[in-house]
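Remarks on the overall topology
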Amino acid sequence: MRPLTFRRLVVRCAALAGILFVVVVLALKLGAVQVSLYGLARDLISFALHRTSELSSNYSLIVFDIRLPRILLGIFVGASLAVAGTSFQALLRNPLADPYVLGVSSGAAVGAILAVIIEAHLALSPDVAPLLTPVGAFLGALLTILAVYFLGRRDGQVDSSTLLLAGIISASFLSAVIMFLMSTLIGRDMRGMAFWMMGDLSTPLQPSLNWVIRLGFFLATGAIYTTAADLNLLLAGEREAMHLGVDVPRVRIVVYVAASILTGLAVSVSGAIGYVGLLVPHVMRMIFGSDHRILIPAAAFGGAIAVVLADVLARTVAAPNELPVGAMTALAGAPLFIYLLRRRMV
Amino acid sequence: MVAAGVTLVSVLCAGLARAQTPPAPAVPPVSAVPLQSSPLYREVIDDMGRTVRVPQPVERIVSLAPSLTETVYALGLQDRLVGDTDYCDYPPDAQKKQKVGGTTNPSIEEVAALRPDVVLVASINRFETVRALGDLNIPVYETDPHDVKEIIASTTKLADVLGAAQNGAALAADLEQRLTNLQQRLKELPPRRVLFVVWTDPLISVGKNTFIADALSKAGAISIVDAMQDWPHVSLEEAVQLQPEFLVFAAGHDENSSVDLQALSARPGWRSLEAVRNHRFAVISEAVDRPAPRIVSAIEELARQLHPEAFLETPETPAPTEKQKIEPYNPAPTKPAIPPHGILSGLHEECREARAGACDR
């Protein structure tokens, strides 16, 4: 493997960004309503030149007001999940680690359901009410991660396998809580929650929330990226890394907190979109090697591409019905994972 | 490594190819911008208490619930209905309308592409759908009736919003009249104790706050289930202990998934029910599941089956049809009975989801 230079890093990221751009254009074109590629191209150019008055009326509503926000959301959710997955896999030195293995999605679901239950008892203005579910989900995710962190310590030290076990047990306990809470919901909320738990990008976010997601993504990913070189050394083992001068406890806390925030943000706005955080890091590692300095940005692009593509499928396969995007990622992800496993690539 | 890259690309390509194959349903070519230029709006308050700005006159309606599609037809406004859902099957003509998806997961862009003046939603739709349409400044009118009286009131109000107040008033008067006639016939009779079966495995019935429970009482019946929940899961033991006089089923329209009522009487638990042993089943139209004007027909149908004695001599009212002339206690069904299963209306979908939710998590 040739050493990573800044040039190589930029070239690879540019290539991935190019693929992402193509996927985004495809995602803008495909959907329940037919949009011609020519009309789309014309609209995109007008849009880029800020000549919004020249947009062809009806399609611009569909392309720019319905599809584009959804694609942007998919990009940030996918990137967050994949970066979080990469981080957890490095931190726990376990190829099975993914953002949800520590019980985050279950915790978020409990938070979201509680928010829905509380919302019914509060008379909130229509501006605030839609924020309650994401906030509840985010708090649920963070509380779960904190709990798992403290459960996963042994003799004051965080132990990878104890942490994983604590996460798995918390997830199954929280699933039981979800089951109980779901049975108390009224039909309408239950339908909404069932969709939420399957991963859903179809509900537009409040603009303020969109900015929180984007800012959170860049801050947390930046924080993780500062530890990229340390994560490389950590792959050799914690003791070895420590001997090589890595401040292991600091790296662990930075990566753990940042990856948790990424997961919490992604889950709170999209529900549980499985397999992206597990599979994308593996695929990217096969293509780009396990140097985290390139792996982290590559995973971000890969996750974005994967989720946007999955969402295109979700919107088109059964059109005009919309499938939950989490079902699409699982349908495509599980067979792909098995294929990689059989070829001993994981 | 290259192989892996190729794999990834080929998987992605395969996915895309698949995504392109099912051609999206043709959408009528769109010539004009939504009629922003006509400033005629009317502010109305929907059943959820929200203020909705509805353009006047309403020319393009999209319905996201089977009950609302039926209501639009009942008001004679079918020509203005430009889109509805996969589950909108009554009247049969509604199946020919442009489909925008299911009730829980309609395609928002498909709805937007139809440039509706107003989108009608009911409580079987998700809040998220309502919110997504609202964000696009598409007027969304929500209905939420909880009993038969509210169904009629909601219909009248909707008629007014859609610019068919006269039709609405006439329809409401007719429905009220029919209900009053029915109450006249039934007033001397004690109500039948019934178990309304929404689902058989597990046994799911209706709670007392549903419009179905109200419809039962209008038909001279009283549900043995007295639950606060809308779709309570009832244990067979409880049903056996309470011994309903009749089991009431709503007919499905999907013949394939029928469960033979005959088979039910062979099953443990169920055969301990006297109503099952004596074949006291009342099977009524699936209209009872939908908060739409047709529910009154379902109520009449049920009343005739539960209280045939009240309909024996019919001096004023039109003679009952052959189908409705049923001897007391509804003898054993000779032809394969109509199923409690496979009822595809939204309400039953809800129960199926309830079950799925309970089992998966």
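In this report, the structure presented in the accompanying data block is examined. (Residues numbered from 1 in each chain as written. Chains lettered and ligands numbered in written order. Predicted model: local features only at pLDDT ≥ 70, side-chain atom pairs only at ≥ 80, totals over all residues.)

1. Details of unusual backbone geometry
In this structure, the amide linkage connecting Q56 of chain B to the following residue, P57 of chain B, adopts the cis form with an omega of -10°. Within the secondary structure, P57 of chain B is located in the loop between β2 (51–55) and β3 (61–63). Here the bond from Y90 of chain B into P91 of chain B is cis, since omega is -10°, no more than 30 degrees from zero. Mapped onto the elements, P91 of chain B comes out in the loop between β4 (81–83) and α3 (108–113). Unlike most non-glycine residues, Y275 of chain A shows phi in positive territory, near 75°. Among the structural elements, Y275 of chain A can be located in the loop between α11 (248–270) and α12 (276–288). Here N137 of chain B, not a glycine, exhibits a phi torsion of approximately 60°, which is positive. (Helix = DSSP H or I, 4+ residues; strand = E, 2+ residues; numbered from the N terminus.)

2. Regarding the sheet that holds β4 of chain B
Residue and element names in this part refer to chain B. Here 4 strands make up an open sheet; going across it, the order is β4-β3-β5-β6 and the pairing parallel. A strand with exactly one partner marks an edge of an open sheet, and here the two such strands are β4 and β6 (140–142). Pairwise comparison of adjacent strand axes, ignoring direction, gives a mean angle of 35° for this sheet. Pairing between strand β5 (residues 118–121) and β6: 3 bridges, direction parallel. For L120, the partnering residue across the bridge sits in β6 and is Y141. Against the sheet, helix α2 (residues 66–74) makes contact with β3, β4 and β5, and its axis sits at roughly 140° relative to β3, the strand it touches most. Taken strand by strand, helix α4 (residues 127–135) contacts β5 and β6, and its axis lies near 150° from that of β6. (Pairing = 2+ DSSP bridges. Axes fitted to C-alpha atoms, helices over the stretch in contact; angles between N-to-C directions. Contact = placed C-beta atoms within 7 Å.)

3. Some details on the pairing of strand β1 (residues 41–45) of chain B
Residues and elements named next belong to chain B. β1 sits mainly on the outside: 0 of its 5 residues count as buried. Relative to β2, β1 runs antiparallel, the two being bridged by 5 bridges. Across the sheet, residue V44 finds its bridge partner in β2, namely V52. Counting the residues that bridge the hairpin from β1 to β2 gives 5 residues, and of these G49 lies at a positive phi of roughly 85°. (Buried ≥ 20, exposed ≤ 12 C-beta atoms within 10 Å, placed from the backbone.)

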